[in-house]
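# Summary of structural features
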Amino acid sequence: MYRLISGRSCTSCNTEPAGGRSGVAIDLLAHKYREDFPILNQNVNGFPLVYLDNAASTQHPGCVIDEIARYYREDHANVHRGIHALSSRATKLYEDARIRAALFLGAASSESIVFTRGTTEGINLVASSWGSAHLGPGDIVLITEMEHHANLIPWQMITRRTGASLQYIPIHGDEGTVDWSLLDRRLKESPVRLLAFTHISNSLGCINPVRELCAVARQHGVVTLVDAAQSAGHAPINVQELGCDFLVFSGHKCCGPTGIGVLFGNPELLADLEPYQFGGEMISRVTFESAEWKPGPHRFEAGTPHVAGAIGLATALDYLEKIGRPAIQASDHHLGRLAYEKLSTLPGIRILGPKTERAGLISFQLGSIHAHDLVAYADQFGVAMRGGHHCNQPLMRKLGLQATARASFYFYNTESEIDRLVDVLRKAIRYFGD
Amino acid sequence: MEIDELYQTIILDHSKRPRNFGELAPPAFKGEGYNPSCGDEIVVFVSESPIGTIEQIRFTGQACAICMASTSLMTTQVKGKTIAQALGLKRIFIDFLTKEAAPAIGLGNLQAFGGVKKFPQRLKCATLGWHALEGALKSCAQ
């Protein structure tokens, strides 16, 4: 199934390998790659932009922006339909993007890669197609209390529709600790059919042991879905090593465009699934009475797909691969640790998530300052953060919080940007303090 | 700085020390406002006098400084007004925040929220308490 294509050379990006598996020298990646991101080079409200909202959406290197523009200038047409030159070029680029996504995830075949609108659509697809075929009264879908709404509401809806029930693995305290040792017994003693969990929590910043959890699930014949929205662009991922059945992520959280994402599905499970949407592109034969579906991933891609998005995403994935995800991961952990250390010294701060082993994001409440006030204030000094419930309302409620501010990092962020963050938080304490 | 236009002294004061904060027991009327983007919630309680004016008004909730201050200042402004006058003031206030050169007649201290015009993403914060008030007044009028 694999054909490695010769990707167009990346003119605007420096893509020599950098960093290593062990430790990252200070700002090594930012020093080398920050200039690839034109958007970061601007002033906001008179201050150099400090972009710390990467868990919501990352920025784009010039090579991704250029490739999307190039595609529209030179190759665009509808895919899988036309006989003409542009259509066959667009089709080849689109299908090559599928192969590049498969390589990025370590999937054995590009047949297991479905292009979606993003993480949310990927989970909805599995909940709808797999759930309606495999769930019934008495069955259990098990998720954690730290799930994003996207990995919670689809399961609420499909369990309600099928008569199954939705149960939660509890988290404990502000650190969001989970006692995973209880999982084995829970799967043994109750009719859990599917286990869905996030790889990296978008509000706690904790990293869940995907491989171990999938192994336990597999022993009990439980299907697994991994929400890799926060991890795909941040950590090495190999679906065969992880042993998951489904894994989903969004392009725009790993240097790719919005409106495109990937669903990896275990080919045996995908082969049995009914389509999620119906229309053009996904059929093999249609009569006035009935229709038959195409095999493979195309069955799940009704309508004209986001071709430019898929090509842009593949370019982004190649870019990340050249930097090296182990190096990106090390940089994330370094910035996350540094931010935790520095923010811990602020008076009245309450930080969510683990003290150690954290990803490159930090979510916190600063004294009695409301997150929206804090984020609006920081923005006046050019520091972009997220404030709100981070699509984790039940988790926030459990922790007795309404909203937190969140700073999230990527490999283009620097240590001095964390200093700018700490600085603006100190100013905010004086400004809003009693 | 622009931020000082948003967080004027009177706004910071009312956000830290909200006036008329608390509940009113039934038969007072209650209206709720909820902002799904941040989870902020405001509940406004009003009681009506025999002559149809707002006799008492109180509010509870957890919200950002703009929302707390806007609701607090609102309670000080609408007390003693008729339902129609209070709803009229709401309209003038929202027009003032959203329309170019809208008159600020009768707004008094509420003009302090003029800075919100430069921060349109905070419009919901500045008006949440007013929507809750409208809810309370509507049940009052029924």
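Note that the coordinates shown come from a computational prediction; the quantities given were computed from them, not determined experimentally.

This next bit is on the overall build of chain B. Helix and strand counts for chain B stand at five helices and three strands. The C-alpha radius of gyration computed for chain B amounts to 14 Å, which stays within 12% of the reference 14 Å derived for 142 residues, consistent with globular compactness. For chain B, the C-alpha atoms occupy an extent of roughly 45 × 30 × 25 Å along the three principal directions. Looking at chain B as a whole, 39% of its 142 residues are labelled buried. The long-range fraction of contacts in chain B, counting pairs at least 24 apart against all pairs at least 6 apart in sequence, stands at 66%.

Contacts between the two partners involve 15 residues from chain B and, on the opposite side, 14 residues from chain A. Within the side of chain B that touches chain A, the residues separate by chemical class into eight nonpolar, three polar and four charged.

Here we come to the domain arrangement of chain A. Residue and element names in this part refer to chain A. Each assigned domain of chain A is listed with its residue range as follows: domain 1 (28-58 + 325-432) and domain 2 (67-321). A C-alpha centroid distance of 28 Å is found between domain 1 and domain 2. Taken together, the 30 residues of domain 1 in the interface contact 25 residues of domain 2. Listed by contribution, the elements that provide at least two residues to the side of domain 1 that touches domain 2 are α11 (325-343), β14 (361-366), α13 (393-398) and β17 (404-408). Sort the elements by how many residues they give to the side of domain 1 that touches domain 2 and α11 lands first, with six residues. Class assignment for the residues of the side of domain 1 that touches domain 2 results in 12 nonpolar, 10 polar and eight charged.

Attention now moves to the pairing of β14 of chain A. Residues and elements named next belong to chain A. Burial analysis of β14 places six of its six residues in the buried class, the great majority of the element. Burial along β14 is two-sided: Leu-361, Ser-363 and Gln-365 facing one way and Ile-362, Phe-364 and Leu-366 facing the other are all buried. Pairing geometry for strand β13 (residues 349-351) and β14, over three bridges, is antiparallel. Looking at β14, one finds that Ile-349 is bridged to Leu-366. Note that β14 and β17 share four bridges and pair antiparallel. Within β17, the position partnered with Leu-361 by the bridge is Ser-408.

What follows is about the sheet that holds strand β2 (residues 40-48) of chain B. Residue and element names in this part refer to chain B. Here we have three strands laid out as an open sheet, ordered β1-β2-β3, and antiparallel in their pairing. Looking at which strands have only one partner, the edges of the open sheet turn out to be β1 (29-35) and β3 (54-62). Averaged over neighbouring strand pairs, the angle between their axes works out to 15° when direction is ignored. Examined bridge by bridge, β1 and β2 share seven bridges and lie antiparallel to one another. Its bridge partner lying in β2, Lys-30 is registered against Phe-45. Sitting on the sheet, helix α3 (residues 65-78) is in contact with β2 and β3, with an inclination near 175° to β3.

Attention now goes to the sheet that holds strand β16 (residues 386-388) of chain A. Residues and elements named next belong to chain A. Read from one edge to the other, the open sheet built from four strands follows the order β13-β14-β17-β16, with strand pairing classed as antiparallel. Among the strands making up the open sheet, the edge pair consists of β13 and β16. Going across the sheet, the axis of each strand differs from the next one's by a mean of 30°, ignoring polarity. Across three bridges, the pairing between β16 and β17 is antiparallel. Its bridge partner being in β17, Arg-386 is matched across the sheet by Arg-406.

Residues and elements named next belong to chain A. Inspection of the secondary structure puts Ala-330 in helix α11. Judged by the 22 C-beta atoms lying within 10 Å of it, Ala-330 is buried. Distance in space between the C-alpha atoms of Ala-330 and Ala-235 is 8.7 Å, their sequence separation being 95 residues.

Before going further, it helps to spend a moment on unusual backbone geometry. Following Pro-26 of chain B, the chain continues into Pro-27 of chain B via a peptide bond in cis, with omega recorded as 15°. With respect to the helices, strands and loops of the structure, Pro-27 of chain B is situated in the loop between α2 (9-16) and β1. Located in the positive-phi region is His-390 of chain A, a residue other than glycine, with phi close to 55°. Residue classification places His-390 of chain A among the buried positions, given that 26 C-beta atoms sit within 10 Å.

This paragraph deals with the packing of helix α3 (residues 85-105) of chain A against helix α10 (residues 307-323) of chain A. All names here are of chain A. Contact geometry for α3 and α10: axes closest at 9 Å, N-to-C directions at 40°. Classed by the angle they form, the pair α3 and α10 counts as oblique. Considering how the two elements wind past one another, α3 and α10 form a crossing that is left-handed. Of the residues in α10, those in contact with Ala-90, Leu-93, Tyr-94, Asp-96, Ala-97, Arg-100, Ala-101 and Phe-104 of α3 are Val-307, Ala-310, Ile-311, Leu-313, Ala-314, Leu-317, Asp-318 and Glu-321. Taken together, the residues that form the contact of α3 with α10 break down as 12 nonpolar, no polar and four charged.

Criteria and cut-off values
Residues numbered from 1 in each chain as written. Chains lettered and ligands numbered in written order. Predicted model: local features only at pLDDT ≥ 70, side-chain atom pairs only at ≥ 80, totals over all residues. Helix = DSSP H or I, 4+ residues; strand = E, 2+ residues; numbered from the N terminus. Rg over C-alpha atoms; globule rule 2.2 N^0.38 Å. Buried ≥ 20, exposed ≤ 12 C-beta atoms within 10 Å, placed from the backbone. Contact = placed C-beta atoms within 7 Å. Nonpolar A, V, L, I, M, F, W, Y, C, P; charged D, E, K, R; others polar. Domains from an automatic or database assignment. Pairing = 2+ DSSP bridges. Axes fitted to C-alpha atoms, helices over the stretch in contact; angles between N-to-C directions. Parallel < 35°, antiparallel > 145°, perpendicular 65-115°, else oblique. Left-handed = near helix turned anticlockwise from the far one by under 90°.

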